[in-house]
Amino acid sequence: MYLHTQEFTQTKGFTDYIMVEFPYNLLFDFYVEGDKISAKVQNEYVQGNEKGPVICSEAGRHLAILGSILLSQKKRTKNYYLATSAKITRQNLTTGNTNILDVKANIITIDKRKGAIEGTIFSNNQIIYQATIEYQILQETIFSKLFNSHYYPTKIVNNISPYKQRRKLKDIRIQRDQITGVYGTISPSECEGHFENYPALPVAIVGNLLGEIGMELFLSKNSRFSKVIVLSADIKAKKLIFHGEYLTFRGKLKSMNETTAQIYCEAVLNENVIATADFEVIGQSEV
């Protein structure tokens, strides 16, 4: 069954049943068949320190959204599909730029409260990243009760997508094999499309920041490299991070050789670790 963007968003049982919206959800040209789904997406963000064609956190973003759409086909009621774990692996080291990416996903498992999918993201018919993503599934009424204190009635409309122009970490400090950085207080405008009336910083954006601080640490120890490729990432999210909350980051080198490193980073809220990333990077030169 093939559905274009406009038709898809107006069809009950598809994006009407998930809670992420534009501009966070950019997927279009969907094709659904049984427990499988495919779509396309614009490659809208490549950060300075990481070579593409798509960066690791963006691969996770688009695949997590695609997977939630697929899982929603089994529910037929409005639910929140909260990505709690993502294991992402690079499949090749091609770095050519591309504007439109292809994404595919299939269901591994689903029950009343949890789900899991496998997904791949392609550039020019080459698989760039493969991912396994797990979700917690919350009914809309339960979500509203749990997070009522974070309710935000004002509609968010940005002139420029907050996912195209993102706030960088500040006050970055490196001491030996450790690094810290500050994101600061999350504003509702930074969470547009995720979620309506409950603005929360998406896990993919938190993952991007975890990667940003880890790459900064690696490059500070390897002056012959100016960029990296993320070879693998194991990202875990323990809780949602809502508007008004103050977020900091820290990381450390676990091991390093001439070209690669294992790095562990944490996102911290009120002295509690709320998300982690364990990843491997390989250094790259500008050429």
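As a reminder, the structure under discussion sits directly above these lines.
Anyway, here's the lowdown on the structure attached to this text.

Cut-offs applied
Residues numbered from 1 in each chain as written. Predicted model: local features only at pLDDT ≥ 70, side-chain atom pairs only at ≥ 80, totals over all residues. Heavy atoms only, no water. Phe/Tyr/Trp six-rings, centres within 6.5 Å; stacked < 30°, edge-to-face > 60°. Helix = DSSP H or I, 4+ residues; strand = E, 2+ residues; numbered from the N terminus. Buried < 20%, exposed > 50% of the residue type's maximum accessible area, 1.4 Å probe, protein only. Polar contact = N/O pair within 3.5 Å; in protein donor to acceptor, adjacent residues only side chain to side chain. Contact = heavy atoms within 4.5 Å. Salt bridge = Lys/Arg side-chain N within 4 Å of Asp/Glu carboxyl O.

Each pair of aromatic rings is reported with the distance of its centres and the angle of its planes. Tallied over the full model, the rule gives nine aromatic pairs. Look at Phe-143 and Phe-195: their rings are 5.6 Å apart centre to centre, the planes differ by 75°, and that puts the pair in the edge-to-face class. Taken together, the residues span a long stretch of sequence, with Phe-143 in helix 3 (residues 140-146) and Phe-195 in the loop between strand 9 (178-185) and helix 4 (203-220) at a distance of 52 residues. Owing to a relative accessible area of 0%, Phe-143 belongs among the buried residues under this scheme.

This paragraph deals with the side chain of Arg-61. Mapped onto the fold, Arg-61 is located in helix 2 (residues 56-72). In terms of polar contacts, Arg-61 uses its side chain to reach the side chain of Glu-44, at 2.9 Å. In contact with Arg-61, other than residues within four places in its own chain, are Pro-23, Tyr-24, Leu-26, Glu-44, Tyr-163, Arg-166 and Ala-204.

Within the element layout of this structure, Asn-25 appears in the loop between helix 1 (5-9) and strand 2 (28-33). By relative accessible area, Asn-25 is classed as buried at 10%. Side-chain polar atoms of Asn-25 contact the backbone nitrogen of Leu-27, separated by 3.1 Å.

A few words now on the environment of Lys-40. Among the secondary structure elements, Lys-40 is positioned in strand 3 (residues 36-42). Here Lys-40 is in contact with Leu-26, Leu-27, Phe-28, Asp-29, Ile-100, Leu-101, Asp-102 and Val-103, once residues within four sequence places are set aside. Side-chain polar atoms of Lys-40 contact the side chain of Asp-102, separated by 2.6 Å.

A few words on the pattern of salt bridges. Applying the stated rule across the entire model yields 10 salt bridges. One salt bridge connects Lys-74 with Asp-35, and the closest N-O pair in it is separated by 2.7 Å. A residue pair is termed long-range when its members are at least 10 positions apart, and Lys-74 in the loop between helix 2 and strand 4 (79-90) and Asp-35 in the loop between strand 2 and strand 3 qualify at 39 residues. For Lys-74, a relative accessible area of 44% gives the class partly exposed. With relative accessibility at 38%, the residue Asp-35 sits in the partly exposed group. Each of Glu-44, Glu-58, Arg-61 and Arg-166 takes part in one network of salt bridges that share partners.

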